[in-house]
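For reference, the chains in residue letters:
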Amino acid sequence: MNKKIALIIAAVILLPSAYAYLDPGSGSMLIQIIFGSILGALFTLKMYWKKIVKYIKRLFR
Amino acid sequence: MNKEPSSYKDPDGFIFTQGCKMYRQINYSGKEDYELLMSSGLYNELVKERLLISHKEAMIQRSQDCYKIIQPEKVQFISYPYEWCFSQLKKAALATLRIQKIALRHSMSLKDSSAFNIQFVNCKPLLIDTLSLQKYIEGKPWIAYKQFCEHFLAPLALMSYRDVRLSKLLKEYLDGIPLDLASRLLPARSKFSMNIMIHIHLHAKSQKYFGNKTIRAKQGLSRKALLGIIVSLEDAVNAMKWKPTGEWNKYYDCINYSQKSIDDKDKILEKWIDRLKPKVVWDIGANTGKFSRIASKKAQLTISIDKDYAAVEQNYLETLKMNDKILPLVIDITNPSTNLGWNNNERKSLNERGPADAIIALALVHHLTISNNIPLPNVAKYFNEIGKNLIVEYAPKTDLNVKKLVAAKEAVHHEYSEEEFEKCFKKYFRIIEKTKIIDSERIMYLMKRISK
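Overview of the structure. Bear in mind the structure is a predicted one, so any value in this text is a computation, not a measurement.

1. Brief notes about the sheet that holds strand 5 (residues 66-72) of chain B
For sheets, the rule is that strands pair by backbone hydrogen bonds, running either parallel or antiparallel. Strand order across the open sheet formed by 5 strands is 1-2-3-5-4 (chain B), with antiparallel pairing between neighbours. Of all strands in the sheet, those with a lone pairing partner are strand 1 (2-3) and strand 4 (55-57) of chain B, marking the two edges.

This is the structure we're talking about:
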């Protein structure tokens, strides 16, 4: 959990200089850009994980 | 044409009434998105899943800037997020995210995720704003993300982590609870949830840091990343829990009475509801909805009102299970919802959403008069304003529960007797029938409103 928080804090500190937006909701847009790729990757992993578990379960059936 | 006061934000169209029918005008600026909604198969899929309100195209006279007029299916009673219990807000949040996920599959996206766009029809959440779906542009972040966090995630987190009554903040903050406020109010332990940490705490910091900065974007948000955000929000909402403490069955003060009198009270209510044949019933002080369920056998819709979050939560979960025609709402009848928003005209007061065809006020008047110090004439006048017919129960001072209320009240309460009760109510109602509940001292009255 500590590693996760450190990663999030690092992302917030380091990434803002690279990405940005123009409207008043820029903070909300940026947070999506910053964490979108991490959450997207987690989602993909979750999907694969489900498939792997399903496959292993089938092997032992 | 009467334009709906709450329908002013979207330049692509608005709601209006003509006669007793409600329509939505779609302006030419909204033509492309509406056509995509209809042709992409998204409309059919959402309507089939009962996530989006259905409509038909209306052939009525239209102005020059109007592309089309549609007539949405009728929603019998409009409720607001600050009147919902925990599970209602949670269901509404999940429905919004489900709509966004399905929309993405059809290359569309929600441009608006206001909780006010969701209404409960047959106890399930339904998106009523047909124009809130727009074409999805690859790479663009979700424009309604901030609104979702403020309208759903922040209040749910506050209700779940801090106190369920904090949903009433939505009454003050009609555009959603500011994330910096939510972040300050949430306990430190909420930061251990990755999703709450990102979507509320860091989101609030990001809003503060980048609020006034003008910077150029180098890269957008891929479809997969956007889906990752939606799923993460879904996980956050699903993880929110609220369990009422205590036992629900303690709520009925008739619990002190014999089964015979409870059965008799049910029978009287059933008979009178059958006689009135009301379309819309308001059961005030409904607790967990025992009497609402009797009314809902005959009425088209029963609004089941109580101030207790635990009772309304239990009522909603039961309604959902049984598929009853009941809408449970958290409203304190001594301080009902008022007119709110722009020009005090955007969100309607409870009174303005009436009158109900019938009001049920069982085991309530003694609480109002003795505990809340509301004089009987005021109670009678209020019921006259909100209902065309009234089924009301009178409990005498010798009644066990009334005795308890009187004993708990140190200050002198207003005059309270059967004679005074009838005198006050006769000023506003005609007594159609009066009957004593078997095996008890309590009296039930069926009354008809004397026109104001």
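There's more to say after this.
2. Observations regarding the side chain of B:Asp283
Residues and elements named next belong to chain B. Structurally, the position occupied by aspartate 283 is in strand 10 (residues 280-284). For the buried aspartate 283, which has no salt bridge, the nearest side chain bearing the opposite charge is arginine 293, at an N-O separation of 8.5 Å. Of note is the side chain of aspartate 283, whose polar atom sits 2.7 Å from the side chain of serine 292. If near-sequence neighbours (up to four positions away) are discounted, aspartate 283 is found in contact with Phe291, Ser292, Thr302, Ile303, Ser304, Ile305 and Ile360.

3. Description of the nonpolar core
Residue and element names in this part refer to chain B. Core analysis: the largest hydrophobic core is formed by 119 residues, its most contacted members being Leu133, Trp142, Trp282, Phe383 and Phe425. With 11 residues, helix 4 (residues 145-162) is the single largest residue contributor to this core. In contact with phenylalanine 383, not counting residues within four places along its chain, are Ile284, Ile359, Ala361, Leu364, Val365, Leu368, Leu390, Phe425 and Phe429. If you look at the next biggest cluster of nonpolar residues, it comprises 16 residues, including Phe291, Ile294, Ala295 and Met444.

4. Observations regarding the packing of helix 13 (residues 376-386) of chain B against helix 15 (residues 418-426) of chain B
Any two packed helices are characterised by how steeply their axes cross, that is the angle between the axes, and by the distance between the axes. Residues and elements named next belong to chain B. Close contact between helix 13 and helix 15 brings their axes to 8 Å; oriented N to C, the two are set at 40°. By the angle class used here, helix 13 and helix 15 are oblique. Both helix 13 and helix 15 take part in a crossing whose hand is right-handed. Seen from helix 13, the contacting residues are Leu376, Pro377, Val379, Ala380 and Phe383; seen from helix 15, they are Glu420, Phe421, Cys424 and Phe425.

The rules behind the values
Residues numbered from 1 in each chain as written. Chains lettered and ligands numbered in written order. Predicted model: local features only at pLDDT ≥ 70, side-chain atom pairs only at ≥ 80, totals over all residues. Heavy atoms only, no water. Pairing = 2+ DSSP bridges. Helix = DSSP H or I, 4+ residues; strand = E, 2+ residues; numbered from the N terminus. Buried < 20%, exposed > 50% of the residue type's maximum accessible area, 1.4 Å probe, protein only. Lys, Arg positive; Asp, Glu negative; His and termini not counted. Salt bridge = Lys/Arg side-chain N within 4 Å of Asp/Glu carboxyl O. Polar contact = N/O pair within 3.5 Å; in protein donor to acceptor, adjacent residues only side chain to side chain. Contact = heavy atoms within 4.5 Å. Core = buried A, V, L, I, M, F, W, Y, C linked by side-chain atoms within 4.5 Å. Axes fitted to C-alpha atoms, helices over the stretch in contact; angles between N-to-C directions. Parallel < 35°, antiparallel > 145°, perpendicular 65-115°, else oblique. Left-handed = near helix turned anticlockwise from the far one by under 90°.

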